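# Descriptive structure summary
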Amino acid sequence: MGGALILESAALLHWLEREGFWPLGMTGISMGGHMASLAVTNWPKPIPLIPCLSWTTASNVFTTGVLSRAVNWRELEKQYATHTVYEDEIIHMLEYCGTDSFRMGRDFVRDAPGSFDKLSNVSLSSELLLQQRDAVDGLERMLSSSVGGGQTHIDTLHSKRASHSAGQRRSLQRESLCFMKGVMDECTHIANFSVPVDPNLIIIVQAKEDAYVPRSGVRSLMEVWPGCEVRYLNGGHITAYLFKQAVFRQAIYDAFERFVQKYPILL
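The rules we used
Residue indices begin from 1 for each chain and proceed along its sequence in written order. Only residues with pLDDT of 70 or above have their local features reported here, since the model is predicted, and side-chain atom pairs are shown and tallied only from 80 upward, although totals for entire chains, interfaces and linings are computed over all residues. Working from all heavy atoms in the structure, the side-chain values ignore hydrogens and water. Here a strand is any run of E in DSSP of at least two residues, a helix any run of H or I of at least four, and the numbering for each starts at the N terminus. For the area figures, the Shrake-Rupley method with a 1.4 Å probe applies, and any residue is considered shielded solely by the protein chains shown. Throughout this description, the term nonpolar core refers to a set of buried Ala, Val, Leu, Ile, Met, Phe, Trp, Tyr and Cys residues connected via side-chain atoms within 4.5 Å. When a residue's accessible area, from a 1.4 Å probe over protein chains only, is under 20% of the maximum for its type it is buried; when over 50% it is exposed; and in between it is partly exposed. Salt bridge, as used here, is a side-chain nitrogen of Lys or Arg placed within 4 Å of a carboxyl oxygen of Asp or Glu. Confidence of the predictor in every single residue is expressed as pLDDT, which spans 0 to 100. The contact rule is simple, with two residues in contact once any of their heavy atoms fall within 4.5 Å. One less than the number of residues in a helix, times 1.5 Å, gives the span that helix is expected to have. What the arc describes is the spread of directions from the helix axis to the C-beta atoms. By definition, two strands form a pair when at least two bridges between them are found by DSSP.

### A look at the overall build of the chain
In terms of helices and strands, the chain carries eleven helices and four strands. Summed over all atoms, the accessible surface of the chain reaches about 14,200 Å², with 57% contributed by carbon and sulfur.

Here it is, written out as structure tokens:
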């Protein structure tokens, strides 16, 4: 959906031009809107763009939006803790867009899935926490086999181990979530791509109550593409798709009308 999408879109637009189709434009809904946006960032000419129900990055969709509940977070945490290459190498290759990838403040706590509602600011690395767990396991085995190891010591150890496990769990949740958000920002954030030739030809249609594509905590498209227009409609992601198609079509008409008025020489 990244490089291949951009290459295929450029090839298609070039073919349409060669066949005499003009003016050309790009539009899409939800993920399709984001894909249309990526395609236009690499087109070297002014072109109308109408992304509907999409925003600057896909990271929020899968970390704070409704679809975050469909992600197998336990498996991702397990892989992140098991394969140190994620923490040791890949995470240092990511170039985050502003503070998006690690903005884990009030907006995140408010919008995150229920399993992350009580994250604390534990800063220990997963490697260190795993070492602590191994040390506790070894100590428990030693006390269990010791003649002088009474039940009181074992109970105390279990209590400490539970505390360590809870801390490890919270830290691992936070680290794996940050990693996933960072990777998705790196691959899908619009700010990582070129600004379209003429942002004035861009009309974005957004739903005010969109829970699938949250806008809080990330840079807005108006900031990334100065000069674009954002139109908000009442309702959420699904209701907008089902009942607001006329709004999408009107935005398409208006974007093409702007192109015709602004670039008559290209027609």
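So, next bit.
### Topic: the nonpolar core
Note that soluble globular proteins tend to have their nonpolar side chains buried in a common cluster. Of all hydrophobic cores here, the largest spans 25 residues; its most connected members are Met-26, Ile-47, Leu-49, Trp-55, Ile-204 and Trp-225. Those elements that provide at least two residues to this core are α1 (3–18), α2 (31–40) and α9 (221–224). By size, the runner-up hydrophobic cluster in this structure holds eleven residues, among which are Val-205, Ala-207, Leu-233 and Ala-251.

### Things to note about the pattern of salt bridges
Under the definition given, this model contains six salt bridges. The shortest N-O distance in the salt bridge between Asp-198 and Lys-262 comes to 2.8 Å. One end of the pair, Asp-198, is in the loop between α8 (151–188) and β3 (203–207); the other, Lys-262, is in helix α11 (residues 245–262), with 64 residues separating them in the sequence. A salt bridge links Asp-254 to Arg-231; the shortest N-O distance between them is 2.9 Å. Of this pair, Asp-254 sits in helix α11 while Arg-231 sits in strand β4 (residues 229–233), and the two are 23 residues apart along the sequence. Overlapping salt bridges bring together Glu-229, Arg-231, Asp-254 and Arg-258 as one network.

### Things to note about the confidence of the model for the chain
One rule of thumb: low pLDDT means the predicted coordinates there are not for detailed reading. With 69% of its residues at a pLDDT of 70 or more, the chain has an overall mean of 77. Per-residue pLDDT stays below 50 along residues 98–110; that stretch engages in 28 contacts with residues further than four places along the chain or on separate chains. Counting interchain partners and residues more than four positions distant, the pLDDT-below-50 stretch residues 112–164 has 55 contacts.

### Observations regarding α1
End to end, α1 covers 23 Å across 16 residues, agreeing with the expected 22 Å (1.5 Å per residue, within 8%). Buried within α1 are the following residues: Leu-5, Ile-6, Ser-9, Ala-10, Leu-13 and Leu-16. Down the axis of α1, the sector holding all buried residues measures 130°, keeping them to one side. Turned more than 90 degrees away from the buried face of α1 sit Gly-3, Leu-7, Glu-8 and Arg-18, all of them exposed. The inward-facing, buried residues of α1 contact β1 (26–29) and α2. Note on α1: the residue one or two positions beyond its end, Gly-20, has a positive phi of about 95°.

### Details of unusual backbone geometry
Negative phi is the rule for most residues except glycine; trans is the rule for most peptide bonds. Between Trp-22 and the following residue, Pro-23, the backbone shows a cis peptide bond with an omega angle of 0°. The backbone of Ser-30 sits at a positive phi, close to 60°, despite the residue not being glycine. Structurally, Ser-30 can be placed in the loop between β1 and α2. One non-glycine residue, Leu-53, adopts positive backbone phi at about 60°. You can see Leu-53 is positioned in the loop between β2 (49–52) and α3 (59–63).

### Focus on the pairing of β3
Of all five residues in β3, five are buried, a share of seventy percent or more. Of the two faces of β3, the one lined by Ile-203, Val-205 and Ala-207 and the one lined by Ile-204 and Gln-206 are each fully buried. Relative to β4, β3 is paired through five bridges, and the arrangement is parallel. The partner of Ile-203 across the bridge, within β4, is Glu-229.

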